Amino acid sequence: MKRFFEAMQPAAAELVDGRAVDTLCPYCGVGCAVTYVTDPERNRILYARGRDGAANAGRLCVKGRYGFDYANHAQRLTRPLIRRESAYPKGQLAPLDKRPRKPGGPVDYDDLLPHFREATWDEALGLVASRLKAVREQHGGEALAGLGSAKGSNEEAYLFQKLVRVVFGSNNVDHCTRLCHASSVAALVEGIGSGAVTNIVRDIARAEVAFLTGCNPSANHPVAASFMKEAAEAGTKLIVANSRRPQIADYAALYLPLRPGTDVALHNALLHVLIRDGLVDHAFIRERTEGFEALAETVRDYPPETAARICDLPAQDIERAARMIGKAGAVMFFWGMGISQHTHGTDNARGLISLAMVTGNVGRPGTGLHPLRGQNNVQGASDAGLIPMFYPDYQRVDDVAVRERFERAWGVELSPEPGLTVTEMISAARDGAVRGMYIMGENPFVSDPDVNKVREGLARLDFLAVQDIFLTETAEFADVILPASSFMEKEGSFTNTDRRVQLGRPVLDMPGEARQDWELICEIGTRMGRAMDYADVSAVFDEFAATTQAYASLSHAALGERGRWYPCADPAESDGEPIVFQESFPLGKAQLVPARFRPAEEQPDAEFPFVLSTGRVLEHWHTGTMTRRSRALDAIAPEGFVELHPDDAGSLGLRDGTLAELRSRRGHVRIRTRVNDGVLRGTVFVPMHFREACANLLTDPRIDPDGKIPGFKFCAVSVKSFG
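What counts and what doesn't
Residues numbered from 1 in each chain as written. Predicted model: local features only at pLDDT ≥ 70, side-chain atom pairs only at ≥ 80, totals over all residues. Heavy atoms only, no water. Helix = DSSP H or I, 4+ residues; strand = E, 2+ residues; numbered from the N terminus. Rg over C-alpha atoms; globule rule 2.2 N^0.38 Å. Buried < 20%, exposed > 50% of the residue type's maximum accessible area, 1.4 Å probe, protein only. Contact = heavy atoms within 4.5 Å. Areas by Shrake-Rupley, 256 points an atom, 1.4 Å probe, with all protein chains shown as cover. Lys, Arg positive; Asp, Glu negative; His and termini not counted. Charge placed at Lys NZ, Arg CZ, Asp CG, Glu CD. Pairing = 2+ DSSP bridges. Axes fitted to C-alpha atoms, helices over the stretch in contact; angles between N-to-C directions. Polar contact = N/O pair within 3.5 Å; in protein donor to acceptor, adjacent residues only side chain to side chain. Phe/Tyr/Trp six-rings, centres within 6.5 Å; stacked < 30°, edge-to-face > 60°. Lys NZ or Arg CZ within 6 Å of the ring centre and 35° of its normal. Expected span 1.5 Å × (residues − 1). Arc of directions from axis to C-beta. Salt bridge = Lys/Arg side-chain N within 4 Å of Asp/Glu carboxyl O. Left-handed = near helix turned anticlockwise from the far one by under 90°. Nonpolar A, V, L, I, M, F, W, Y, C, P; charged D, E, K, R; others polar.

K.L.:
Break down the overall build of the protein chain for me, with residues and values.
P.N.:
Secondary structure assignment for the protein chain yields 24 helices and 28 strands. Here the C-alpha radius of gyration of the protein chain, 24 Å, is about what a compact globule of 723 residues would show, namely 27 Å. Buried residues in the protein chain amount to 65% of all 723 residues. In the protein chain, of all internal contacts separated by at least 6 residues, the share reaching a separation of at least 24 is 76%. Carbon together with sulfur atoms contributes 48% to the accessible area of the protein chain, which is approximately 24,700 Å² in total. A gap of 3 Å separates the mean positions of the 83 positive and 94 negative side-chain charges of the protein chain.

This is the structure:
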C-alpha cells in the first residue's frame, strides 16, 4: 500500500511545469485550503498539498490528499441524456447488490446507458422546462419540488432555492442538511436564533474541557480531530460520549459508552448534578437566558442513578462528567450525527444548548456550541435558504414581513406555506401530490431511509430531471440527465463548519459538453418564463449577500485568498468574528427548552434483537459517488462491512470476513463482518457508502417532529451467518 501511494506522487522533476491552483477540499465541513498542481495539457491533477488555511494550517486527510481523481473518471457525464421510450415505465436499472463486472466504478454503465439517448442541450433543456412548466400549470406549484446540493457553492444554493420559490411557485426545496444536522439547526434557531456554530474548532486549544458527543471526528473530520488531539495533549480534558467507541476516545479524560438513543437522559442527568451542586452560572442564567425554572423542574426527575439505568453507565461517571463541566472555566461542546440523526435529535441538541447556557459557556474564548457540519458547504447552503421553512439567513417563509421583503426583492408573489422536506417530498411523490422534481447533486435513492419506499416515490413521478456529474442511482429514474460541473471545475464561495466563507477556484476544464450548475439553473428558470440573468457568480453572491445580515459586508473581492468568518463588520480591517454572541443572542435571551427522555419507537425484540447505527468511514463520503471513483480511496476501502461486538459474533458463529445477512422490518443486505470490541453488545454498525450493501434498505423512515430528520442511528435488525 505504501508503494501504491508513492506511485501517485510524481517525482520532483515532473512538477516543474505543473500549474498550481489554490482552492478548497471538496469533502467535509472543515473546509481545508488546498493547492492542486495540475498538468494543463492533459487536464489532470498531479497531486494535492495543504496550504495555510484558517481551518487546516496546511493539514490534509486522506480524502483531501488523494481523493481528487474522481473528476477525471471515465464515467463522467459529458452530454445530456434523455430516457428512451423503451425504458418506461421508470424503475431501477441495475440491482443495488449487483457488483460491477469490471473495475472502475461502483456500477457498470453498460447496464444503464442503453436506457438513455444523447441529446443536444437545446433539446434537453427545452424538455426539462416544458415538462416542469406543464406540471406547474396543471397541478400548481406545490406539485413541484427541488433538491439542491451541499456540494455546490453558496451561489448555486441561492439560485436553486430562488428558482423553486420564484419559478416553481412553492417552498418545496431542501438538501442533505435534512439528513445530517437539521435537528441541530432547529434547536439552535429555537434556542438562540441562529443555526451556525458559536465558536471555531481550533479554539478548543483555549478550552479547559471539551464535551465531544455523538461524533467520530477522526474518521469524519480528521483535520479538526488533529487539533482536538493536540489540545488534549496540551491539557484540555476531553469528555467523549458515544455508543461506538471513536478513536478520539483514546485521548479522553473520560469516556461514556452510553446505550444508543439515550442522550436526553444523559444530558438531563448532567444538568441535574450541575443545578443540585450549584455548579451553574447564576448571573449568565439571569441576564442571558429564559426558561431556567421549567428546565430545572424537568431535570429534577433525572438523578444520575436514574440516567445510569437508562444509559447503562456508571452513575459515578455521570457525576464526574458534570463536575468536570461545572468546575471548568471554559467548556466547548462538539457534536455530530450521533446526536442529530434520531427521531428525538432536536431534544438531544436542546440538552447540549442548555448545558452550555446554564454554565455560561458561550461567547468567550474556549467556549461554545459546535455541531460539526458534514458536507463541505452544508453550512453555506443552509445560510443561502436551501431549506423549506427559511429564506436566506434563516428568515422564516411564514413571517409576513419577511416574505413581503423577499417579494419586493424578487418581484414576485411568494408562497406563504413552509415547504416539504427531503423525506416528505419522496412520500408526497409516492402519494401523487408531488409530480415533478429537479434534483441537483443529491442521491436520495441511496442516502434516504427505507430505500424501497424511495424507489416507489421516484418511479411514480411524472417527470424527474437530474443534474449531476455521474449517472447516480437516483439518475436511473430520470427522464432527463444534465451533465454538470464537479467541484474541481467550479468557481464560487463555500462556507465551512466554522462560518468561514472561502472561494473555490476552477482547477480543471469541464469535460465534453458538461456545463456549470449555476448556468443551468438560470437557463431552466429563464426557459420557464422568469429571466435569471447574471454576469458571473460574483454578481450572484452580491444579490445573495444583500438579502442577509450575516453576509452583507462580504463580496468575492473581500474574501480574498483566505476568506472571512461571518459576521464581519469590515472585511478590509477584520478577518471576521470567530467567536459570536459575546454580549447577546439574536433572540435577545437564549431559550432553555426542557426535554424528557423518550425511547425510539422501534425497539429491538426477539425477531430483531440488535440496534443498527449507520455512518461514515474515513476513506469514503456519503453515497460514494465521488470517493468510490477515486483510485486510492477505493483501493483502501473497497467494500462495506458490519461491525459487531466479539461476544455477539461468537454467539452467532461469526468471525472477521464471514458473510452475514442483516434484516430489518423493511429490507435485508448481505455483508462481510468485522469484529470490534468498540461496538457495544447488542449493537451493529454499517457504513452508508456502498450500494451493494445498502444500509438504507434497513433504516427506519420515521422522522424527528421538529427537525424532520430520520433516525439513521437507531433501528432494529437481526444478524445471522449467510452461506
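K.L.:
Break down the sheet that holds strand 1 (residues 19-24) for me, citing the residues and quoting the values.
P.N.:
What the three strands build is an open sheet, ordered 1-2-3; its pairing is antiparallel. In the strand order of this sheet, the two ends are held by strand 1 and strand 3 (44-50), each with one partner. Along the sheet, successive strands turn relative to each other by an average axial angle of 30 degrees, direction set aside. Where strand 1 and strand 2 (residues 33-39) come together, six bridges link them in antiparallel fashion. Its bridge partner being in strand 2, alanine 20 is matched across the sheet by valine 37.

K.L.:
Outline the environment of glutamate 601, supporting the account with residue identities and numerical values.
P.N.:
Residue placement: glutamate 601 occurs in the loop between strand 22 (590-591) and strand 23 (610-615). With 336 residues separating them in the primary sequence, glutamate 601 and alanine 265 have C-alpha atoms 16 Å apart. A distance of 3.4 Å separates polar atoms of two side chains, one belonging to glutamate 601 and the other to arginine 702.

K.L.:
I'd like to hear about the packing of aromatic side chains, residue by residue, with values.
P.N.:
Scanning the model with the defined rule gives 17 aromatic pairs in all. Note on phenylalanine 581 and phenylalanine 585: the rings are 5.7 Å apart at their centroids and 55 degrees apart in plane angle, and the pair reads as tilted. The side chain of arginine 244 reaches across the aromatic face of phenylalanine 685, ending 3.6 Å from its centre. Above the ring of phenylalanine 641, the side-chain terminus of arginine 674 is found at 3.8 Å from the ring centroid.

K.L.:
How would you sum up unusual backbone geometry? Please name residues and give values.
P.N.:
Looking along the chain, the bond that leaves tyrosine 88 and enters proline 89 is cis, with omega of 0 degrees. Located in the positive-phi region is alanine 57, a residue other than glycine, with phi close to 50 degrees. By the element assignment, alanine 57 lies in the loop between strand 3 and helix 2 (62-66). The exposure class assigned to alanine 57 is partly exposed, which follows from its relative accessible area of 31%.

K.L.:
How would you summarise helix 3 (residues 121-139) if you had to cite specific residues and measurements?
P.N.:
The end-to-end C-alpha separation of helix 3 is 27 Å, in line with the 27 Å expected for 19 residues at 1.5 Å each. Among the residues of helix 3, Trp121, Ala124, Leu125, Val128, Ala129, Leu132 and Val135 are the ones counted as buried. Seen from one end, helix 3 has its buried residues packed into an arc of 130 degrees, which puts them on one side. Structural note: helix 3 exposes Asp122, Glu137 and Gln138 on the side pointing more than 90 degrees away from its buried face.

K.L.:
Describe the sheet that holds strand 16 (residues 436-440), and please don't skip the residues or the numbers.
P.N.:
Here we have seven strands laid out as an open sheet, ordered 5-4-18-17-16-6-7, and mixed in their pairing. With one partner strand each, in any of the chains shown, strand 5 (116-118) and strand 7 (173-174) form the two edges of the open sheet. When strand 6 (residues 144-147) meets strand 16, the two strands line up parallel, connected through four bridges. Across the sheet, residue alanine 145 finds its bridge partner in strand 16, namely methionine 437.

K.L.:
Break down the pattern of salt bridges for me, with residues and values.
P.N.:
Within the structure shown, the criterion is met by 48 salt bridges. Notably, a salt bridge pairs lysine 490 with glutamate 156, separated by 2.9 Å at the nearest N-O pair. Pair noted here: lysine 490 is in the loop between strand 18 (480-483) and strand 19 (492-495) and glutamate 156 is in helix 4 (residues 154-168), with a separation of 334 residues, a long-range link. With relative accessibility at 2%, the residue glutamate 156 sits in the buried group. We note a salt bridge from arginine 286 to glutamate 287, for which the minimum N-O separation is 3.9 Å. A relative accessible area of 53% places arginine 286 in the exposed class. The network of salt bridges with common partners includes Glu601, Glu602, Asp605, Arg665, Arg666, Asp700 and Arg702.

K.L.:
So, the packing of helix 11 (residues 304-311) against helix 12 (residues 315-327): which residues are in play, and what are the values?
P.N.:
The interhelical angle for the contact between helix 11 and helix 12, taken along N-to-C directions, is 115 degrees, at an axis separation of 8 Å. Crossing of helix 11 against helix 12: the hand is right-handed. On helix 12, the residues touching Pro304, Glu305, Ala307 and Ala308 of helix 11 are Ala315, Ile318 and Glu319. The residue makeup of the contact of helix 11 with helix 12, split by class, is five nonpolar, no polar and two charged.

K.L.:
Just give me the short version of the pairing of strand 19, but keep the residues and values in it.
P.N.:
Here strand 19 shows a buried face lined by Gly492 and Phe494 and a second buried face lined by Ser493 and Thr495. Hairpin connection between strand 19 and strand 20 (residues 500-504): a loop of four residues separates the two successive antiparallel strands, and arginine 499 in this loop has a positive phi of roughly 70 degrees.

K.L.:
Let's hear about the pairing of strand 25 (residues 659-663): which residues, and what values?
P.N.:
Note: strand 25 against strand 26 (residues 668-675), five bridges, orientation antiparallel. Along strand 26, the bridge assignment pairs leucine 662 with valine 669. In textbook terms, the turn of a hairpin is the stretch between consecutive antiparallel strands, and for strand 25 and strand 26 this stretch comprises four residues. In the sheet, strand 25 pairs with strand 28 (residues 715-721) via four bridges, with the strands oriented antiparallel. Its bridge partner lying in strand 28, alanine 660 is registered against serine 721.

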